[in-house]
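Chain residues, written in single-letter form:
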Amino acid sequence: WRAFRFLVPGGPAMPKEITVSATSDGQAQLLADTRFLSESEVSICRWESRKSDRAVIGLTTDPELVSREVHLLDCHFPCFIYLYATAALPDSGDVAALTVLATADEHIVEQLYEGKEALQKLAPSETQLYQYSVVHADRPVLISLSVSSGTASFRASA
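Residues numbered from 1 in each chain as written. Predicted model: local features only at pLDDT ≥ 70, side-chain atom pairs only at ≥ 80, totals over all residues. Heavy atoms only, no water.

Chemist: Hey, could you run me through the overall build of the protein in this one?
Modeler: Across its full length, the protein carries 0 helices and 8 strands. In the protein, the succession of helices and strands from N to C terminus is β-β-β-β-β-β-β-β. The buried share of the protein, reckoned over its 158 residues, is 28%. Sequence-distant contacts in the protein: of pairs separated by 6 or more residues, those separated by 24 or more amount to 64%. (Helix = DSSP H or I, 4+ residues; strand = E, 2+ residues; numbered from the N terminus. Buried < 20%, exposed > 50% of the residue type's maximum accessible area, 1.4 Å probe, protein only. Contact = heavy atoms within 4.5 Å.)

Chemist: When you look at the environment of L89 in this model, what are you seeing that I'm missing?
Modeler: Relative to the helices and strands, L89 is located in the loop between β6 (79-88) and β7 (98-104). A relative accessible area of 32% places L89 in the partly exposed class. It is 8.9 Å that separates the C-alpha atoms of L89 and S24, two residues lying 65 residues apart in sequence. Excluding residues that lie within four positions of it along the chain, L89 makes contacts with G26, D94 and A96.

Chemist: What should I look at first to understand the confidence of the model for the protein in this one?
Modeler: Residues shown with low pLDDT carry predicted positions that ought not to be read at fine detail. When pLDDT is averaged along the protein, the result is 81, and 72% of the positions lie at 70 or above. Highest mean pLDDT in the protein belongs to strand β3 (residues 47-48) (96); lowest belongs to strand β8 (residues 107-108) (44). Within the model, the stretch residues 106-110 combines pLDDT values under 50 with 7 contacts to residues more than four positions away or in other chains. (pLDDT = per-residue confidence, 0-100.)

Chemist: Can you walk me through the environment of F6 in this structure?
Modeler: Note on placement: F6 falls in strand β1 (residues 2-8). Accessibility expressed as a relative area gives 7% for F6, which makes it buried. Remark: the alpha-carbon pair of F6 and L83, spanning 77 residues in sequence, is separated by 7.7 Å.

Chemist: When you look at the state of the cysteines in this model, what are you seeing that I'm missing?
Modeler: Linking two cysteines covalently via their sulfur atoms produces the bond known as a disulfide. If you walk through the whole model with that rule in mind, you get 1 disulfide. The partner cysteine of C75 in its disulfide is C79, sulfur to sulfur 2.0 Å. (Disulfide = S-S within 2.5 Å.)

Chemist: Is there a simple way to think about the packing of aromatic side chains in this case?
Modeler: Each aromatic ring pair is summarised here by two numbers: the centre-to-centre distance and the angle between the ring planes. Throughout the structure, instances matching the rule amount to 2 aromatic pairs. Relative to Y82, the ring of F80 lies with its centre 6.0 Å away and its plane at 50°, an arrangement referred to as tilted. For the pair F80 and Y82, one class covers both residues: buried. One aromatic cluster is present, built from ring pairs that chain together F36, F80 and Y82. The ring of F80 has R5 sitting right over it, with the charged end atom 4.5 Å from the ring centre. (Phe/Tyr/Trp six-rings, centres within 6.5 Å; stacked < 30°, edge-to-face > 60°. Lys NZ or Arg CZ within 6 Å of the ring centre and 35° of its normal.)

Structure, rendered in C-alpha cells:
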C-alpha cells in the first residue's frame with residue numbers, strides 16, 4: 001500500500017464534497033480514514049473502493065449529502081483524510097503504476113510530492129496542526145515554517 005493524505009480545511013474554506021480517486025493500467029483500490037493507520041492496520045479503514053482501473057471514494061462534510069456512495073467525514077476540521085492505495089496488473093499481479101487525485105467541490109487540489117515545496121495560507125481565524133510521518137528514517141528530513149503575520153509554534157521530535 002502507498003500512503004497519502006489530503007487536508008480538509010475548516011471554516012469558510014471547508015468543502016462540502018470531496019472525491020478521491022486512483023487510476024491505473026491495472027486494478028487499483030483505495031482505502032480511506034480520518035485516522036492515520038500503519039501498513040498492517042489499513043484493513044480496518046472505514047471506507048473502501050471497489051477494485052477497478054479507476055477506484056473512487058466519495059466523502060462529504062454535509063450530513064444531508066450522505067448516501068450509499070458518499071460517506072460523512074466525522075472529524076474535527078481542519079483534519080486529514082488518510083488514503084491508502086494499491087494497484088496490480090490483472091494477469092501477473094505485478095505492481096502497476098498508480099495516480100491518486102483528490103478533488104473538493106469540483107476544484108482540483110494540488111498533489112503533494114515528497115521533496116517538493118507546498119504553500120498553504122490560512123485565514124486570520126484559522127489554525128492548522130500538521131503531523132508528518134517519516135517514511136525513510138535513514139534519510140534526512142527538512143521541514144521549514146515561515147509566518148508573514150501572526151504567530152507560529154513549531155515542534156519536532158524523533
